[in-house]
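Examination of the molecular architecture
Chain by chain, the residues:
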Amino acid sequence: MEEAGAYGVSFAGRGFDLRKFARQPQTIVRFFSWLFAIVVFGCITTEGYVNPSDSAQALCIFNQTDSACHYAVGIGVIAFLACTGFLALDAYLPFTSNARQRRYAVMADLGFSGVWSFLWFVCFCLLASLWGQTHDVRGIPEDAARATVAFSFFSIGTWAILTYFALVRFRRGVDDIAAPTSTEPPPLASDHNAPYLPNYAPTSYTAYNPTTYFPYSSSGADVYQQTPSSQPQGDAGYQPPRLLGHRGGGGAGVLGQTFTFSSRCDANSTVYDD
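Worth saying up front: this structure is predicted, and the values here are computed from it rather than measured. (Residues numbered from 1 in each chain as written. Predicted model: local features only at pLDDT ≥ 70, side-chain atom pairs only at ≥ 80, totals over all residues. Heavy atoms only, no water.)

1. Some thoughts on the environment of Tyr71
Here Tyr71 shows up in helix 3 (residues 66-92). Considered as a pair, Tyr71 and Phe41 are 30 residues apart in the sequence and their alpha carbons are 9.6 Å apart. In contact with Tyr71, other than residues within four places in its own chain, are Leu119, Val122, Cys123 and Leu126. Engagement of the side chain of Tyr71 in a polar contact is seen with the backbone oxygen of Leu119, the distance being 3.1 Å. (Helix = DSSP H or I, 4+ residues; strand = E, 2+ residues; numbered from the N terminus. Contact = heavy atoms within 4.5 Å. Polar contact = N/O pair within 3.5 Å; in protein donor to acceptor, adjacent residues only side chain to side chain.)

2. Side note on the pattern of salt bridges
Side-chain pairs of opposite charge can arise whenever the charged atoms involved come near each other. Inspection of every chain in the model, using the stated rule, returns 7 salt bridges. Close ionic contact of Arg138 with Asp136 constitutes a salt bridge, the shortest N to O distance being 3.0 Å. Within this structure, Arg30, Asp90, Asp109 and Arg169 form a network of salt bridges that share partners. (Salt bridge = Lys/Arg side-chain N within 4 Å of Asp/Glu carboxyl O.)

3. Some details on the nonpolar core
One finds Phe62, Trp116, Trp120, Leu127 and Trp159 to be the most contacted residues of the largest nonpolar core, which totals 32 residues. For this core, the secondary structure elements donating two or more residues are helix 2 (25-47), helix 3, helix 4 (99-132) and helix 5 (142-178). Looking at this core, the element that brings in the most residues is helix 3, giving 9 residues. The contact partners of Trp159, leaving out residues within four places of it in the chain, are Ser33, Ala79, Ala82, Cys83, Phe112, Ser113, Trp116, Ser117 and Trp120. (Core = buried A, V, L, I, M, F, W, Y, C linked by side-chain atoms within 4.5 Å. Buried < 20%, exposed > 50% of the residue type's maximum accessible area, 1.4 Å probe, protein only.)

4. Details of the packing of aromatic side chains
Aromatic ring pairs are defined here through the distance separating the ring centres and the angle between the ring planes. According to the stated counting rule, one finds 15 aromatic pairs in the structure shown. Among the aromatic residues, those joined into a ring-pair cluster are Phe31, Phe32, Trp34, Phe36, Phe41, Phe80, Phe124, Phe151, Phe153 and Phe154. (Phe/Tyr/Trp six-rings, centres within 6.5 Å; stacked < 30°, edge-to-face > 60°.)

5. Focus: the packing of helix 2 against helix 3
Packing of helix 2 against helix 3 brings their axes to within 8 Å, and their N-to-C directions diverge by 150°. On the basis of the axis angle, helix 2 is roughly antiparallel to helix 3. Seen from above, helix 2 lies across helix 3 with left-handed handedness. Between helix 2 and helix 3, the contacting residues are Gln26, Thr27, Arg30, Ser33, Trp34, Ala37, Ile38, Val40, Phe41, Ile44 and Thr45 on the first element and Cys69, Ala72, Val73, Gly76, Val77, Ala79, Phe80, Cys83, Thr84, Phe86, Leu87 and Asp90 on the second. For the contact of helix 2 with helix 3, the per-class residue count stands at 15 nonpolar, 6 polar and 2 charged. (Axes fitted to C-alpha atoms, helices over the stretch in contact; angles between N-to-C directions. Parallel < 35°, antiparallel > 145°, perpendicular 65-115°, else oblique. Left-handed = near helix turned anticlockwise from the far one by under 90°. Nonpolar A, V, L, I, M, F, W, Y, C, P; charged D, E, K, R; others polar.)

Structure (structure tokens):
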């Protein structure tokens, strides 16, 4: 079965392909069910009633039980009409876009096929039992009686297969309806409230140990002490260097310090004197 989608909608929007439709397993099995039904009620309506030697009234060939022939004819005629209707429905169903209509059609096919599988089983058992009890076969078309029993048995299998096909379509349609129709993007890493995806495993992290700090005390001595190297080396006799300028003049130095021009320097040189 190549149908896909909710309850077998696979050709929506396409043209009808008779060859592809005729090759579907469901269509083939339904055709055989239709043919077997014709054989059953055809054999009974044409050769299922004979006149016994001691009676002028035509009686059923299955042990002269008319109810058995009536039952087989009724089951066969209804099966023939149902197969014709379901064949037309199978051709129309994939082209409808209404999911509810497709669901009802598949449910009807499933229910009817299941019931008729059971009714054909009852028909086979009834006809086989009555034919075994028929001892006087003079004037009775035995081939027609055997064909009716045989094709009643074959109808059990074909309608059981149709029931299975309908069940598969029904389950597939329920799964397609229940499946989500839109795919949502995965949650962002910054979204802490979003649930984890089914195939996502959170990364394991090592335990965080916070740094321990000493408590701060507003009273008491300062715990910070300068190292000896950081204390300034005081020198009472230290004086900043004096800037020596050009020879022949004097003036105020940088930062308020005085400087004089020395004759030891060249005319264009400047030196510092400790």
